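A look at the structure
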Amino acid sequence: MNTNDLIKEAKKARERAYVPYSKFQVGAALLTSDGKVYHGCNIENAAYSMTNCAERTAFFKAISEGDKTFSSLAVVADTEGPVSPCGACRQVIAEFCPEDMTVFLTNLKGDIQEITVRDLLPGAFSARDLNE
Ligand SMILES: O=c1ccn([C@H]2C[C@H](O)[C@@H](CO)O2)c(=O)[nH]1
Ligand SMILES: [Zn+2]
């Protein structure tokens, strides 16, 4: 699947956002190494802190279905510039993706920022930091 198609899938996912509180819809499309796409949207809650971001929704769906090898990720929101994933999502992306994997940060205007997982969260805490 090419980048434009993956971004289209992220836009489809965004339409399913459950955002009665922020009204800020976010969509994610996570491509596996064998070509499957997991969609994610943000899902809010009246207890605000229970909210799950679009990116983490996509990862948790994939991991829970047994997929754990990823080749790219696209994220989209109606932002001025390319959407900026929150810190929690950057940490989850760092956990499951190769450091040199590309993430496409986009918006509805068609801006596309290509960034590596490494550059999304420099100095990420990782399994290597655990003293085992
Ligand atoms: O990268 C991001 C940033 C924010 N949100 C969601 C969380 C919340 O529902 C809304 C406003 O923060 O946007 C995401 O899904 N992904
Ligand atoms: Zn997030």
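Residues numbered from 1 in each chain as written. Chains lettered and ligands numbered in written order. Predicted model: local features only at pLDDT ≥ 70, side-chain atom pairs only at ≥ 80, totals over all residues.

The protein has the name Cytidine deaminase in an unreviewed UniProt entry, where Litchfieldia salsa is given as its organism. Taken directly from UniProt, the Cofactor (unreviewed entry) text for the protein runs: "Zn(2+)". Regarding the protein, the UniProt comment filed under Sequence similarities (unreviewed entry) reads as follows: "Belongs to the cytidine and deoxycytidylate deaminase family." (UniProt positions renumbered as here; feature names shortened; annotations may be inferred.)

With numbering aligned to this structure, UniProt lists the feature "active site" (unreviewed entry) at E55. Structurally, the position occupied by E55 is in helix α2 (residues 54-64). Not counting residues within four places of it along the chain, the set of residues in contact with E55 comprises A28, G40, V75, P85, C89, V92 and I93. (Helix = DSSP H or I, 4+ residues; strand = E, 2+ residues; numbered from the N terminus. Contact = placed C-beta atoms within 7 Å.)

What follows concerns the sheet that holds strand β5 (residues 112-116). In space, the five strands of this open sheet follow the order β2-β1-β3-β4-β5, with mixed pairing throughout. The open sheet terminates on both sides in strands that have one partner only, identified here as β2 (37-41) and β5. Going across the sheet, the axis of each strand differs from the next one's by a mean of 15°, ignoring polarity. Inspection of the sheet shows strand β4 (residues 102-107) paired to β5 by five bridges, in the antiparallel sense. (Pairing = 2+ DSSP bridges. Axes fitted to C-alpha atoms, helices over the stretch in contact; angles between N-to-C directions.)

Turning our attention to the UniProt feature "domain: CMP/dCMP-type deaminase" (unreviewed entry) in the protein. Per the UniProt record, the feature "domain: CMP/dCMP-type deaminase" (unreviewed entry) sits at residues 1-128. Annotated as residues 1-128, this span is 29% helix and 24% strand, and its ends, taken at the C-alpha atoms, are 32 Å apart.

Here we take up the site of ligand 1. Every one of the 14 residues lining ligand 1 counts as a neighbour, but V26, N42, C53, A54 and P85 are closest to it. Residues belonging to the shell around ligand 1 are distributed by class as follows: nine nonpolar, three polar and two charged. (Near = placed C-beta within 6 Å. Nonpolar A, V, L, I, M, F, W, Y, C, P; charged D, E, K, R; others polar.)

This next bit is on unusual backbone geometry. Notably, K23 is not glycine yet its phi reads approximately 60°, a positive angle. For K23, the position within the fold is in the loop between α1 (3-14) and β1 (26-32).

Our focus in this paragraph is the confidence of the model for the protein. For the protein, per-residue confidence averages 97 on the pLDDT scale, and residues scoring 70 or more make up 99% of the total. Scoring of the predicted complex yields 0.97 for pTM and 0.98 for ipTM. (pLDDT = per-residue confidence, 0-100.)

Before going further, it helps to spend a moment on the nonpolar core. Core analysis: the biggest nonpolar cluster contains 32 residues, and A28, L30, A54, A74 and V75 have the highest contact counts within it. Taken together, the elements giving at least two residues each to this core come down to α1, β1, β2, α2, β3 (70-77), α3 (87-96), β4 and α4 (117-120). Considering every element that reaches this core, the biggest residue donor is β3, with six residues. The contact partners of A54, leaving out residues within four places of it in the chain, are A13, A17, V26, G27, A28, G40, C41, N42 and V75. (Core = buried A, V, L, I, M, F, W, Y, C linked by C-beta atoms within 7 Å. Buried ≥ 20, exposed ≤ 12 C-beta atoms within 10 Å, placed from the backbone.)

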